[in-house]
Amino acid sequence: MATISYLTTVQFGFGELKAVADGLAQFGISRPLIVTDRGLAATDLIGRLRAVSPVLGNAALFAETPTNPTEEAVLAALAVYREHDCDGLIAIGGGSPIDLAKGVALLAGHDGPLETYAAILGGIPKITAKVAPVIAIPTTAGTGSEVGRAALITLDDGRKLGFISPHLIPKLAICDPELTLGLPAWLTAATGMDAITHCIETYLSPRDNPVAEAIALDGLKRAVGHIERAVVDGSDREARKEMLMAALQGGLTFQKGLGAVHALSHPLGGLKQVSLHHGTLNAVLLPAVLRFNEPSAKGKYAEIRRTLGLSADADLAEWIAGLTARLGMPASLSAMGVPREVLPAIAEAAVKDHSSASNPRAASAADYETMLEESFG
Ligand SMILES: [Zn+2]
């Protein structure tokens with residue numbers, strides 16, 4: 001059985017930021033809360049957004065999104081939302097502000113605590129159409145959260161959990177490559193590797209959805225064809241456009257489910273003692289996971305090699321490691337500052353992560369620990 005579902009309207013292209021005005025009218029949002037992070041709030045981007053529509057001119061702003069969104073930040077943003085009697089959200093930034101806005105949209109229409117709605121705690125059917133409308137404007141090319149039905153949020157007790165529902169999909173995604181031109185090289189590489197990981201993991205997921213698989217392979221081809229250009233020259237408009245499309249495509253395929261890379265990077269991203277970038281984690285973990293999964297997905301590995309223009313006997317894990325080295329990314333978890341003693345607990349958490357269920361090869365805590373050790377360096 002295949003469930004194939006595409007729900008988000010996407011406005012894609014240079015200069016499309018202006019489409020937010022029509023989106024506000026279409027979804028009846030007259031008092032939006034703008035959600036972003038401090039880095040972006042310090043640029044002219046929020047001013048450019050405010051200039052698009054009188055509704056945005058003096059709209060409330062929450063700019064305290066942490067690197068990895070937390071329950072605490074969701075509640076702080078929710079307080080601003082309620083204080084200003086808001087009726088919808090504009091999330092502008094990378095995956096974190098978009099996921100944070102989804103958390104606020106959820107609690108704006110549902111009683112807390114947030115934990116009630118976590119996917120692994122049986123929360124999926126509890127999320128209803130009462131979720132407030134979200135317009136997502138990505139400024140990085142990687143997360144795909146602008147068209148995704150999941151929000152990843154770290155609870156107060158340190159668990160990084162997925163909140164998943166079609167109701168959490170933004171009503172409108174505005175993908176304007178212009179907004180990604182200023183992205184620094186390291187973030188272009190890290191978010192781009194997140195997009196590549198999304199395309200690979202969703203393609204390898206055993207869930208039946210040939211439409212999503214075709215999108216995943218197309219996204220993979222665009223991303224590997226343009227990531228190095230976008231990192232070397234951030235002003236390369238064609239490369240920026242292709243990377244934003246690849247990220248969007250990676251997000252459109254989330255409905256197949258992700259895999260072991262994300263099952264590991266979610267708990268690692270929830271560590272309090274060190275702040276780890278999601279995309280960088282995925283890039284570091286991908287080679288070990290590819291080695292582990294190959295026996296269970298040989299036909300698909302052959303298709304990926306063909307898509308990438310590699311020879312039939314090419315080592316895909318080696319090839320990815322070579323790509324991330326050329327992008328100047330760290331090669332190991334130890335180089336990222338992950339303390340070795342957390343690995344067993346991370347392996348235990350990975351088994352319970354919602355992404356583990358759609359990995360092509362069943363992985364135990366011992367398997368996850370082996371993959372972590374291999375990635376540790
Ligand atoms: Zn991801």
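Predicted model only: the values in this text are computed from it and were never measured.

With that settled, consider the state of the cysteines. For the coordinates displayed, the defined rule picks out zero disulfides. A disulfide-free cysteine, Cys175 has its sulfur positioned 14 Å from the sulfur of Cys199, the nearest such atom. Overall, the relative accessible area of 0% leaves Cys175 in the buried class.

Protein coordination at the zinc ion: the donors are Asp194 (OD), His198 (NE2), His262 (NE2) and His278 (NE2), at 2.1 to 2.2 Å from the metal. In this structure, the zinc ion is coordinated by four donor atoms arranged in irregular fashion, with angles at the metal of 82 to 168°. Mapped onto the sequence, the residues coordinating the zinc ion show the spacing D-x3-H-x63-H-x15-H. Of the two residues, Asp194 and His198 are both situated in helix 7 (residues 185-204); the distance of four residues between them amounts to about one turn of the helix. A single burial state applies to Asp194 and to His198, both of which are buried.

One pass over the structure, following the stated rule, counts 19 salt bridges. Ionic pairing is found between Glu242 and Arg222, a salt bridge with its closest N-O pair at 2.8 Å. One end of the pair, Glu242, is in helix 9 (residues 237-252); the other, Arg222, is in helix 8 (residues 210-232), and 20 residues separate them in sequence. Residue classification places Arg222 among the partly exposed residues on the basis of a relative accessible area of 27%. Of the charged contacts, one joins Arg229 and Glu238 as a salt bridge, the two residues approaching to 3.0 Å between their closest N and O atoms.

Burial along strand 2 (residues 32-35) is two-sided: Pro32 and Ile34 facing one way and Leu33 and Val35 facing the other are all buried. Judged from the four bridges that link them, strand 2 and strand 4 (residues 88-93) form a sheet pairing that is parallel. Following the sheet pairing, Ile34 is matched in strand 4 by Ile90. Two strands pair when backbone bridges link them, and strand 2 and strand 3 (residues 60-62) are joined in this way by three bridges, in the parallel orientation. What sits directly across from Val35, in strand 3, is Phe62.

A few words now on the nonpolar core. Core analysis: the largest hydrophobic core is formed by 69 residues, its most contacted members being Met193 and Leu268. Among the domains, domain 1 (2-179) and domain 2 (183-376) are the pair contributing at least three residues each to this core. With residues near it in sequence (within four places) discarded, Met193 still touches Ile227, Gly279, Ala283, Leu286, Ile320, Leu323, Thr324, Leu327 and Met329. Counting 34 residues, the second-largest nonpolar core is a separate cluster that includes Phe62, Val74, Ala136 and Ile153.

All right, on to unusual backbone geometry then. Residues Gly112 and Pro113 are joined by a peptide bond in cis, for which omega reads 0°. By secondary structure assignment, the location of Pro113 is in the loop between helix 6 (95-109) and strand 5 (134-138). For Asp85, which is not glycine, the phi torsion reads 50° and is therefore positive. With respect to the helices and strands, the residue Asp85 is situated in the loop between helix 5 (71-83) and strand 4.

Glancing now at the UniProt feature "domain: Alcohol dehydrogenase iron-type/glycerol dehydrogenase GldA" (unreviewed entry) in the protein. With numbering matched to this structure, UniProt assigns "domain: Alcohol dehydrogenase iron-type/glycerol dehydrogenase GldA" (unreviewed entry) to residues 9-177. The distance separating the terminal C-alpha atoms of residues 9-177 is 17 Å; by composition the span is 29% helix and 21% strand.

Our next topic: the domain arrangement of the protein. Considered domain by domain, the protein is made up of domain 1 (2-179) and domain 2 (183-376). For domain 1 versus domain 2, the separation of C-alpha centres amounts to 24 Å. Between domain 1 and domain 2, the contact holds 35 residues from the first and 31 residues from the second. Roughly 2800 Å² is buried in total at the junction of domain 1 and domain 2, and carbon and sulfur atoms are behind 63% of that figure. Counting every contact that joins domain 1 to domain 2 gives one salt bridge.

Time to look at the pairing of strand 7 (residues 160-164). With respect to burial, strand 7 is a largely interior element, five of its five residues being buried. With burial as the criterion, each face of strand 7 is covered, one bearing Lys160, Gly162 and Ile164 and the other bearing Leu161 and Phe163. Two strands pair when backbone bridges link them, and strand 6 (residues 150-154) and strand 7 are joined in this way by five bridges, in the antiparallel orientation. If you follow Ile153 over to strand 7, its bridge partner there is Leu161. Linking strand 6 to strand 7, which pair antiparallel, is a turn of five residues; within it Gly158 sits at a positive phi near 100°.

About the criteria used
- Residues numbered from 1 in each chain as written.
- Predicted model: local features only at pLDDT ≥ 70, side-chain atom pairs only at ≥ 80, totals over all residues.
- Heavy atoms only, no water.
- Disulfide = S-S within 2.5 Å.
- Buried < 20%, exposed > 50% of the residue type's maximum accessible area, 1.4 Å probe, protein only.
- Donors = N, O, S within 2.8 Å, 3.2 Å for Na, K, Ca; no water.
- Tetrahedral: all angles 85-135°; square planar, octahedral: opposite > 155°, others 65-115°.
- Helix = DSSP H or I, 4+ residues; strand = E, 2+ residues; numbered from the N terminus.
- Salt bridge = Lys/Arg side-chain N within 4 Å of Asp/Glu carboxyl O.
- Pairing = 2+ DSSP bridges.
- Core = buried A, V, L, I, M, F, W, Y, C linked by side-chain atoms within 4.5 Å.
- Domains from an automatic or database assignment.
- Contact = heavy atoms within 4.5 Å.
- UniProt positions renumbered as here; feature names shortened; annotations may be inferred.
- Buried area = accessible area lost by both parts, 1.4 Å probe.

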